[in-house]
Amino acid sequence: MVALGTSMCGMFSPNQQLVSQLRQAGSKSGEKLWQLPLEDDYWENCKSPIADMSNIGGRFGGAITAALFLKEYVDFEKIPWAHLDIAGAAWDHKAHHATGFGAQTLAEWAISQGQ
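Residues numbered from 1 in each chain as written. Predicted model: local features only at pLDDT ≥ 70, side-chain atom pairs only at ≥ 80, totals over all residues. Heavy atoms only, no water.

**Here we look at helix H2 (residues 62–71)**
Helical periodicity: at 3.6 residues per turn, an α-helix aligns residues three or four positions apart in one direction.
Phase 1 of the analysis: Within H2, seven of the 10 residues are buried, leaving the element largely enclosed by the surrounding structure.
Phase 2 of the analysis: Among all positions in H2, only Ala63, Ile64, Thr65, Ala67, Leu68, Phe69 and Lys71 are buried.
Phase 3 of the analysis: Among the structural elements, strand E1 (8–12) and strand E3 (83–85) are those in contact with the buried residues of H2. (Buried < 20%, exposed > 50% of the residue type's maximum accessible area, 1.4 Å probe, protein only. Helix = DSSP H or I, 4+ residues; strand = E, 2+ residues; numbered from the N terminus. Contact = heavy atoms within 4.5 Å.)

This is the structure we're talking about:
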């Protein structure tokens, strides 16, 4: 996600409790997560004339349509879920290697679930 730069990721979830938990885990791990909207109107961009749906929603709102695509596969009333769009923070272009962004946050979140 180019809009958020290389030091934070976009976070999408219909579950505010999970958003708070992930934000806290990110704060603990030093990784920044910014909540973005699951704008249902963008689902129109995922409609396809030849398939049930397209996994690419077009040029605009790509991170949102990616999250909406994932939402189609989760019973979000029963299962809390989040999509972390790490595209901008996943690669260090100067050092030419992956950053592992998000791994520490998810590890912190998993640890917190066991406490």
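There's plenty left to go through after this.
**Examining the pairing of strand E2 (residues 32–35)**
Phase 1 of the analysis: Pairing between E1 and E2: four bridges, direction parallel. Each residue of the ladder has a partner; that of cysteine 9, found in E2, is leucine 33.
Phase 2 of the analysis: Each parallel crossover has a hand, and the one from E1 via helix H1 (residues 16–29) to E2 is right-handed. (Pairing = 2+ DSSP bridges. Right-handed = clockwise from strand over helix to strand, strands pointing away.)

**A look at the confidence of the model for the protein chain**
Phase 1 of the analysis: Mean pLDDT over the protein chain works out to 90, with 95% of the residues at or above the 70 mark.
Phase 2 of the analysis: Looking across the protein chain, the model is least confident in H2, with a mean pLDDT of 87, and most confident in H1, with 98. (pLDDT = per-residue confidence, 0-100.)

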